[in-house]
Structures are given as C-alpha cells and as structure tokens.
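Understanding the architecture of this molecule
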Amino acid sequence: MTHTPREIVTTVALGLPAVLGAGVFAGFAPAASLAGWWVLPALAISALAALCSAFSTADQSRAYPDIGGGYGYVRAQLGVWPARMTASAHLLGRCAMAAAVALMFGAYVVPDQPMIGALALVVATALLGAAGFRFTTGVSVLVSVVVLGVLALVVAASFSIAPVPSAGEAGTVNELVGVAGLMFMAFAGFERITAPNRGEQPHSAAALKIAIPVLIGLSFAVYLAVGAGLLRQLGSARLALSPAPLRDALVAADSAALVPLVQIAAAVAGVAALHFVLASAHRTLTGLAEDGDLPTRLRPGALSLVVVVASALAVVLMPLGLALGVAACGTLFYYAFTNASARVLLQNDRTWPMRTACLGLGLSVLLAMSLPVPAMLISIAGLGVGTGLVGLTASLRGKRAASRQRTPQAR
C-alpha cells in the first residue's frame, strides 16, 4: 500500500496533541530533582522504549482492527488474566496521567488555586467529550502550531540571556534509568495514531512506517530543546523546585511578558492531552464490559462517570510529581504486556521485526522497576487490587449466570 506525504503529515499532526501534554510543561521538574542534567540523555532511552511500543501497538491494531487498545490485543493473544492485568495497569496509568495533566493546567493557568483549576479541567474536558467534540485533523494542527510555537519562544528566550549563577546542582547519574522511566509518559500519546478508536479511520501501514518514527523523533527533539533551555536558564536545583518551569524560565530570562502565551499553550495542551487520556480509559472500560469482566448493563455515560470520578480522586490524592511517577509506572506495565503479546504475532501481521517487541518488553520492565519507590509501590498495589476486583466481578457474574440457567431446570 502506498502513502502520500500529506497522509504522513496528517498522521503526525493527529498524534502531536496527545504527546505534548504534562511531560513538556511539568515533567522536567521531578526529573531534574532525580538526575539533574542527566535527564537529557535519559530522554533518548524513553524515546527508544516509546518507539518499540508504538511499533507493537500499530502491528496489533492492524492484525485486530475491531479491537481497541492493548487490553483487547492481550486478551486475544495471551488470555484472560494477562488481559485483566493489562487493563488494570492501563486504567491506573490513565487516571494518574489525567491527574498530572490537570495539575499541570492548574499550576500554569490557575496558580492561585491549582487544585480547583485541575478539577475544573477534568469536568470541563469530560463534558466536552460527552458533547461529541473530537480532535479533527484541523483542530489537531491548530493545537500543535500553538503549542510548538510557544515552546519555541521559551527555548529562544532561555538561550538568549545569560542565566543567573545557580545555587547548586541536583540529581545524580545513578537515577538515569529511573528518569528515563519517568519521562516515558511524555511520549505515551502515540496510541492516538497507532491504535485508533472504533469508528475512526485507521492509518495505512505504509504511512505509519514513516509517521511513527517522525512523531517520536519530533517529540524527542522538542523535549530535548525545552529541557536544555530550562536547565540552562534555571539550573537543575532551581528547576527541581519549580511548579511551572516554563513560566519560571521566562521570568528568569527577563521575558515575563510572554507568560500569558505559556498559559494559553498550557491550557490548549492540557485539554487536548486530557481528552485523549479520558477517551483511552473509557475504551478500556468498554472492552472490559463487553467481555463480561464488568457488568454489561453499564452504559457509556456510566463508564465516563467512573473515569471522571477516578481522575478527580487522583487529582486530590496525588501531588504532581507522584502522579507523573504513577502514570509512568502504570503505563510501562501496560506496554510490557502489549509488547509481550506483540511477540506472538504471525509474520504476515508484522510491519516491524519481532526484535522491536522484545526490546520494548525489556525496556518497559526495566524502566518501570527503576522508578521512584513510592510510585512503583502504588502502581504494583493498584495493579493487584484492580486485577483482583475485575476477576471477582467476572466470577460473581459467572455464578449468577449459572444460577439462572439451573433455576428453570429445577422447576
């Protein structure tokens, strides 16, 4: 199948708004506190893990076009219990990611009341989705232009003025792999193009073969430039303490007049990223209900409410740094399962070699287990509790169904 340059550009434009979210606006602060300047080489490891995982989900989406997302792929190829673990990891990661995006929005747009701003964004974005709003190609291009334009201004301002001498440096090279895991979530929106929702036009394998590396490569270049600018202007110790690094970098660079533009970009990026995160979680819940792991009588509106309530609870219970860590850990566990299931695809269903899925599996596990201990423990506990609850619900439904079948025979 052939492709056109326009198709590739359109595909990349659709993916960018899902990628440029909390990571570029808020991820560098907790990353700098752990690894300082080593966050920049850590980004290359994150991008490699994201590239392998994107290849895996793209191949599985082509092999199973009627199944949405990793939960369905794992269920089809590895079985019920691995799929339930996949769903639990994905939902945990999505709820934590929703909290991280919302808290980023609050820190930039409503700095005096960041919690209220974060909760308002979750509710407003959910209502926007319920009203039928979708990020079309035109809207996605507009979002990408706004965000990339503002990020370019921040980078230019950060390198245009000599920084004030830093009071010290934070972080250590020993946290290089852990920070690579933390920053992985900055690339995790690639499923917007590799595994489209039902009813959306799938992208051709030929277009994705170019669009996926371009999307990950462009995102990596953006993150590298922004991270270098922030570290130069603020220093790692000051960056580690900043709740809104891009805003503080502009102020430090004597460019405070540009702060409103950063707030606009943060608001636009927050809505776009959160829209994708909520839709992705809803898709997994829908799959669980359709397969009998959740009550089938749950309507789409009820599932959306579950996602919103869980995201709001995550906003209240987790600070931004912890939310980013849990989001990264849950998402990495999710891609460990999806890469594992991609390994068993037939050769005819592959665009990329099996080695990429093997590498993605290994990197996902390594990065997840290298994250800060609190985030890792919360993620492991959430994975266990979620899998247990889903299994218990499915078991109870099975027993009730068996009881209803026996009752008429007894009569």
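First, a word on what this report is: a plain description of the structure on this page. Model, not experiment: these values are computed from the prediction.

Our next topic: the overall build of the protein chain. A tally of helices and strands in the protein chain yields 16 helices and zero strands. The C-alpha atoms of the protein chain give 21 Å as radius of gyration, which agrees with the globular expectation for 411 residues (22 Å, within 12%). Along the longest, intermediate and shortest principal axes, the C-alpha atoms of the protein chain span 85 × 50 × 45 Å. The 411 residues of the protein chain split such that 53% are buried. Long-range contacts, defined as pairs at least 24 residues apart, comprise 85% of the intrachain contacts of the protein chain with a sequence gap of at least 6. Roughly 16,700 Å² of accessible area belongs to the protein chain as shown, and the carbon and sulfur atoms make up 68% of that amount. Computing the positive centroid from 24 side-chain charges and the negative centroid from 14, the protein chain places the two 12 Å apart.

Another aspect to go through is empty space enclosed by the protein. If a probe the size of a water molecule is rolled over the atoms, the empty space left behind becomes visible. Applying the stated criterion across every chain, the model contains three cavities of 30 Å³ or more. If you add up the space inside the largest cavity, you get close to 90 Å³. Along the wall of the largest cavity there are 15 residues; nearest its centre are Ala18, Val19, Met97, Met185 and Gly189. Elements represented by at least two residues in the lining of the largest cavity include exactly α1 (5–19), α2 (22–35), α5 (80–109) and α12 (259–290). Sort the elements by how many residues they give to the lining of the largest cavity and α12 lands first, with three residues. Looking at side-chain class alone, the lining of the largest cavity contains 11 nonpolar, three polar and one charged residues. Counted as a void, the second largest cavity has a volume near 50 Å³. For the second largest cavity, the full set of lining residues is His90, Arg94, Ala188, Glu191, Phe276, Ser280, Thr331, Tyr334 and Tyr335. Among the elements of the structure, α5, α12 and α14 (320–342) are those that each provide at least two residues to the lining of the second largest cavity. The element best represented in the lining of the second largest cavity is α14, accounting for three residues.

Here the largest pocket defines a volume of roughly 1,100 Å³. What lines the largest pocket is a set of 44 residues, among which Asn197, Ala279, Ser280, His282 and Arg283 lie closest to the centre. If one sorts the elements of the lining of the largest pocket by residue count, α12 sits on top with 11 residues. The residue makeup of the lining of the largest pocket, split by class, is 21 nonpolar, 14 polar and nine charged. As a volume, the second largest pocket reaches approximately 560 Å³. For the second largest pocket, the lining is made up of 26 residues, of which Ser88, Leu91, Leu92, Cys95 and Ala310 are closest to its centre. Only α5, α12, α13 (300–317), α14 and α16 (373–410) provide two or more residues apiece to the lining of the second largest pocket.

On to the pattern of salt bridges. Applying the stated criterion to the full structure yields five salt bridges. Where Asp293 meets Arg84, a salt bridge forms, and the shortest distance between an N and an O atom there is 2.8 Å. Highlighted residues: Asp293 in the loop between α12 and α13 and Arg84 in helix α5, separated in sequence by 209 residues. Of the two residues, Asp293 and Arg84, both sit in the buried class. A salt bridge links Asp248 to Arg247, with the shortest nitrogen-to-oxygen separation between them at 3.5 Å. Among the residues examined, Arg247 registers a relative accessible area of 18% and is labelled buried. A network of salt bridges, in which partner residues are shared, links Arg75, Arg84, Asp291 and Asp293.

Our focus in this paragraph is the state of the cysteines. Applying the stated criterion across every chain yields a total of zero disulfides. Looking at the unpaired Cys358, the closest cysteine sulfur is the one in Cys52, lying at 9.8 Å.

Definitions and cut-offs
Residues numbered from 1 in each chain as written. Predicted model: local features only at pLDDT ≥ 70, side-chain atom pairs only at ≥ 80, totals over all residues. Heavy atoms only, no water. Helix = DSSP H or I, 4+ residues; strand = E, 2+ residues; numbered from the N terminus. Rg over C-alpha atoms; globule rule 2.2 N^0.38 Å. Buried < 20%, exposed > 50% of the residue type's maximum accessible area, 1.4 Å probe, protein only. Contact = heavy atoms within 4.5 Å. Areas by Shrake-Rupley, 256 points an atom, 1.4 Å probe, with all protein chains shown as cover. Lys, Arg positive; Asp, Glu negative; His and termini not counted. Charge placed at Lys NZ, Arg CZ, Asp CG, Glu CD. 1 Å grid on protein atoms, 1.4 Å probe; cavity = no way out; pocket = protein on both sides within 12 Å on 5 of 7 lines; lining within 4 Å. Points joined across faces, edges and corners; volume = space filled by probe spheres on them. Nonpolar A, V, L, I, M, F, W, Y, C, P; charged D, E, K, R; others polar. Salt bridge = Lys/Arg side-chain N within 4 Å of Asp/Glu carboxyl O. Disulfide = S-S within 2.5 Å.

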